[in-house]
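For reference, the chains in residue letters:
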Amino acid sequence: MNVNLQELEEDMSKNFKERMNFVTYWANYVKTHKDEEWSEQQNTLINSQLF
Amino acid sequence: MFKMEYNTKKKEIKLNREFNQLDKFVLDFCSLIKEYVIVSGYVSILFGRSRATEDVDMLVPKMSKEEFKEIWDKTMKNGFECLNTSKIDEAYKSMNDHAIRFARKNRPLPNMEFKLIKNDLDKYSFENKLLVRLKHGELFISPIEMQIAYKLFLAKGGNEKDVEDAKHIYILFNEKINKEELARLVKLLKVEKQLEMIQ
């Protein structure tokens with residue numbers, strides 16, 4: 001099996017940047033919407049993961 | 001536009017979020033403890049991070065065995081159990097060495113990591129804690145500036161989740177953060193480069 005580590009690391013770095021962009025997007029959403037609005041969406045995720 | 005009400009002078013935040021089961025677990029447990037501060041991941045989640053967590057970190061001051069017994073009895077009566085041991089003496093001894101975990105009986109997830117305040121950072125979080133008023137209760141959390149700086153410190157270990165938590169809180173509270181205090185804590189923890197990543 002051939003593994004190109006450099007390529008994998010570049011992918012990881014791109015993924016991280018993309019995730020950070022989403023963190024920014026979501027944090028701004030939370031900041032500009034009513035608590036009830038963002039928390040209802042977040043609750044779907046939390047309740048489905050833990051309960 | 002900032003929807004949450006954060007009164008920096010009173011050290012209070014009012015949050016009208018809808019409740020999830022994790023919030024209920026945390027509030028139920030916190031209502032049994034007089035002196036504590038919630039730190040780390042759950043604080044980011046409380047303020048909307050798009051993730052869950054299996055454990056919540058609670059710091060408590062050192063206490064006598066009698067004081068611990070009072071907490072132990074209350075938690076047992078209210079449907080919690082200690083995951084490390086069912087013996088109070090063992091639990092009390094263990095606390096000096098590591099966190100002990102409490103969960104609802106027969107439901108190990110989520111759980112509360114119950115830790116003694118051990119160093120100056122812990123002490124800072126406890127002494128400067130913020131009160132968060134929610135629709136169905138209240139809880140104490142670590143100050144926002146420490147929350148960011150400490151998450152950046154944890155991120156040095158390579159966990160992306162910690163950088164993301166720090167960034168979320170930083171964006172959310174950007175206008176309300178005490179920038180001088182944040183800079184002081186960032187310098188103390190030597191995470192200047194990590195701070196640049198989230199700015």
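A brief structural summary. Keep in mind that what you see is a predicted model, and the values were worked out from it rather than measured.

Digging into the interface of chain A and chain B
Moving on, step 1. Contact with chain A, which involves 27 residues of that partner, is made by 37 residues of chain B.
Moving on, step 2. Its largest share of buried area at the contact with chain B, chain A owes to Lys31, Leu50 and Phe51 of chain A, together 23% of the area lost on that side.
Moving on, step 3. The salt bridge partner of glutamate 36 of chain A is lysine 135 of chain B, with a shortest N-O separation of 3.9 Å.
Moving on, step 4. Counting across the interface, chain A meets chain B through 14 residue pairs in polar contact (both at pLDDT 80 or more).
Moving on, step 5. Of all the elements in the fold, those that place two or more residues in the side of chain A that touches chain B are helix H1 (5–32) and helix H2 (35–50) of chain A.

Considering the pattern of salt bridges
Moving on, step 1. Tallied over the full model, the rule gives 22 salt bridges over all chains.
Moving on, step 2. As a salt-bridge pair, aspartate 55 of chain B and arginine 101 of chain B come within 3.1 Å of each other at their nearest N and O atoms. Of the two residues, aspartate 55 of chain B is situated in strand E4 (residues 55–60) and arginine 101 of chain B in strand E6 (residues 100–104); the sequence distance between them amounts to 46 residues.
Moving on, step 3. Using a relative accessible area of 28% as the deciding quantity, one classes arginine 101 of chain B as partly exposed.
Moving on, step 4. Because the salt bridges share partners, they merge into one network encompassing Arg19 of chain A together with Arg49, Arg51, Lys151, Asp162, Glu164 and Asp165 of chain B.

What about the pairing of strand E7 (residues 107–116) of chain B?
Residues and elements named next belong to chain B.
Moving on, step 1. Of the strand pairs in this sheet, E4 and E7 are connected by six bridges, and their pairing is parallel. Within the sheet, the bridge partner assigned to valine 56 lies in E7 and is methionine 112.
Moving on, step 2. Both E6 and E7 contribute to a ladder of five bridges, which runs antiparallel. Across the sheet, residue alanine 103 finds its bridge partner in E7, namely asparagine 111.
Moving on, step 3. In textbook terms, the turn of a hairpin is the stretch between consecutive antiparallel strands, and for E6 and E7 this stretch comprises two residues, one of which, asparagine 106, has a positive phi near 65°.

Reading the values: the criteria
Residues numbered from 1 in each chain as written. Chains lettered and ligands numbered in written order. Predicted model: local features only at pLDDT ≥ 70, side-chain atom pairs only at ≥ 80, totals over all residues. Heavy atoms only, no water. Contact = heavy atoms within 4.5 Å. Buried area = accessible area lost by both parts, 1.4 Å probe. Salt bridge = Lys/Arg side-chain N within 4 Å of Asp/Glu carboxyl O. Polar contact = N/O pair within 3.5 Å; in protein donor to acceptor, adjacent residues only side chain to side chain. Helix = DSSP H or I, 4+ residues; strand = E, 2+ residues; numbered from the N terminus. Buried < 20%, exposed > 50% of the residue type's maximum accessible area, 1.4 Å probe, protein only. Pairing = 2+ DSSP bridges.

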